[in-house]
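Structural overview for review
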Amino acid sequence: MVQARKYALVLLAFLCLMLPNVASAHAILLKSDPQDGAMLSVPPARVVLTFNEPVQPGKLALVQPDGTILPLEGLTTGNEVDVELPSLSAQGSRIVGWHVASADGHPVDGTFRFSVGAPSNLVMPETLETSSPAVRSLLYVTRLLFQFSLLFGVGGAVFWTWIQDGPQDRFTAMILRLGLLTPPLIYGLQGADLAGQDLSALLLAETWRLPFGTPMAQTLLAGLAALVLAFVSGHLWEWRGRLFSFVALVMVGFAFCLSGHAATAEPTFLTVPALFLHGVSLAFWLGCLLPLRHVLTRGGEEGREELLLFSRIIPFPVLLILGSGAILIRAQLPSLADLTSTDYGRLLLLKLTLVGVVLVAAALNRWFWTRDPEMVWRLRRSISVEIALIFGVLLLVGLWRFTPPPRVLAEAANQPISLHIHTLPAMADVDILPGRAGPVHIRAFLETGEFEALNPREVTVMLKAPDAGGESVSAPMLRGADGYFEVANMTIPSGGRWVLTFSIVMPDGSTQSLSQPVEIRG
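Residues numbered from 1 in each chain as written. Predicted model: local features only at pLDDT ≥ 70, side-chain atom pairs only at ≥ 80, totals over all residues. Heavy atoms only, no water.

Re the sheet that holds strand β5 (residues 69–71)
Pairing in this open sheet of five strands is mixed, and the strands run β2-β9-β8-β4-β5 from one edge to the other. Looking at the sheet topology across the chains shown, the edges are occupied by β2 (38–40) and β5. This sheet shows a mean twist of 25° between the axes of neighbouring strands, independent of strand direction. Pairing of β2 with strand β9 (residues 107–116), which is carried by three bridges, proceeds in the parallel orientation. Looking across to β9, one finds that leucine 40 is bridged to valine 116. (Pairing = 2+ DSSP bridges. Helix = DSSP H or I, 4+ residues; strand = E, 2+ residues; numbered from the N terminus. Axes fitted to C-alpha atoms, helices over the stretch in contact; angles between N-to-C directions.)

In structure tokens:
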């Protein structure tokens, strides 16, 4: 047991050295060079991906015109990932696929294509788009078990050392043992997800290197420290056990605020402390439920004393949960309409509904059934219902990994849309700023099919809904000093699919038309 305590203290000290500063946002690709759809006269020597925040590159790959896939290496400088390309000799289209870890710990992936000389019919390989469904499913399950063990295992250890002041029951110890297995599994699966590979990638050293230093790795380290300390606390007596379980509870708070969507929401001086208090309070409340049901099953005055003590304490953690939760919801949702208009908001509504039912059950426990010894059977049943509902809440929270919060969607909506339109007589590099419905600024650089600057007599831009009789907006464009044709304050009525068309009067008086569908954000 002395040896176990030494290992726990070493792990805790190592964790303190590893705790990072919390980053600021969810990763969004702002632009790529070459841009998506670009037509180039000469092959590029490199690709540069620019994000809204620093990221850690995972799998990077290039699909050649013949369909072969070449692995690439990327170097990160600030918010940019610089990818050196091999020598590209053949003409045709190429696809770049990328997987990166964002500052909130979630893998983000995407693709874009460019062509050299002339476009070719290149099909997107399925293996380039996302990681294996089996990897993501197992990652969801193991993360759920990890969260369950943090909340119910560590919180249970606090109950047995602070409220019951006795040895841990076997069920709490079993939860903690199960939890200790999950961090290495999650770490490996996170690496496979980041690499865009299947389960066989767990046998590769590169898979285990990729997540190192990411926010998720630091969350797992904090959680592992919490689980070890909580487990050791069950083998110590009096103040030693209480000290270890208290520090374990603190580590749960750190695990909550080191990664995840809310960990990077602004203002971080409010959201990070709110996450810490949310995690600590939840672990205390939920972790006490299973042991409390256990001691009530045994019956006797001993269980009654523990029940009354818990009843006196619990209003304070619940108030902290409600207050910190309100702060986090406000940070993630720019408007109340996002509750029904986004997947994240709809999941949040379901979660709040379940939490509301749990709070009603808890209120009945405290004000009606706690003080009546004849209602112990009803109290035990109510606690069982609470635990089942809380497990449902954890199932919903796990789905947030696949649904960016509305604040991220709002930030993405304000990013420009860049596209390349190519025909043999003429082509255009186009920017729509911002890329959403409402007033926009459209810029276009026009070139001939031989990549020479085009000097048309006049240019008109039009956006038309593709359905028959669909609405349209159009405006003449003026040429600026930098050679770009521009129109400001053009209003796009709504989001969705539109057809962007440039009507160009050439120097010889002939007319050329450049058209391409474009998805405007709502």
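That covers the picture; the talk isn't over yet.
Some thoughts on the confidence of the model for the chain
Residues with a pLDDT of 70 or more make up 90% of the chain, whose mean pLDDT is 82. Of the regions scoring below 50 in pLDDT, residues 1–25 engages in 49 contacts with residues more than four places distant in sequence or in other chains. (pLDDT = per-residue confidence, 0-100. Contact = heavy atoms within 4.5 Å.)

Some thoughts on the packing of helix α3 (residues 133–163) against helix α7 (residues 238–257)
For the pair α3 and α7, interaxial distance at closest approach is 9 Å and the crossing angle is 155°. As the angle between them shows, α3 and α7 are arranged roughly antiparallel. Crossing angle aside, the handedness with which α3 passes α7 is left-handed. Side by side, α3 and α7 meet where Leu150, Leu151, Val154, Ala157, Val158, Thr161 and Trp162 of the first sit next to Gly241, Arg242, Ser245, Phe246, Ala248, Leu249, Val252, Ala255 and Phe256 of the second. Residues of the contact of α3 with α7, tallied by class, amount to twelve nonpolar, three polar and one charged. (Parallel < 35°, antiparallel > 145°, perpendicular 65-115°, else oblique. Left-handed = near helix turned anticlockwise from the far one by under 90°. Nonpolar A, V, L, I, M, F, W, Y, C, P; charged D, E, K, R; others polar.)

Quick notes on the pattern of salt bridges
Tallied over the full model, the rule gives nine salt bridges. For aspartate 193, the salt bridge identified is with arginine 136, shortest N-O distance 2.9 Å. You can see aspartate 193 sitting in helix α4 (residues 170–195) and its partner arginine 136 sitting in helix α3, a full 57 residues away along the chain. Residue classification places aspartate 193 among the buried residues on the basis of a relative accessible area of 0%. Classification of arginine 136 by relative accessible area gives partly exposed; the value is 21%. Residues arginine 209 and glutamate 206 are paired through a salt bridge, measuring 2.4 Å at the closest nitrogen-oxygen approach. Here arginine 209 pairs with glutamate 206, and both are found in helix α5 (residues 205–209), just three residues apart, close to one helical turn. Classification of arginine 209 by relative accessible area gives partly exposed; the value is 46%. Take glutamate 206: its relative accessible area is 40%, and that puts it in the partly exposed class. Within this structure, Asp431, Arg443, Asp482 and Glu486 form a network of salt bridges that share partners. (Salt bridge = Lys/Arg side-chain N within 4 Å of Asp/Glu carboxyl O. Buried < 20%, exposed > 50% of the residue type's maximum accessible area, 1.4 Å probe, protein only.)

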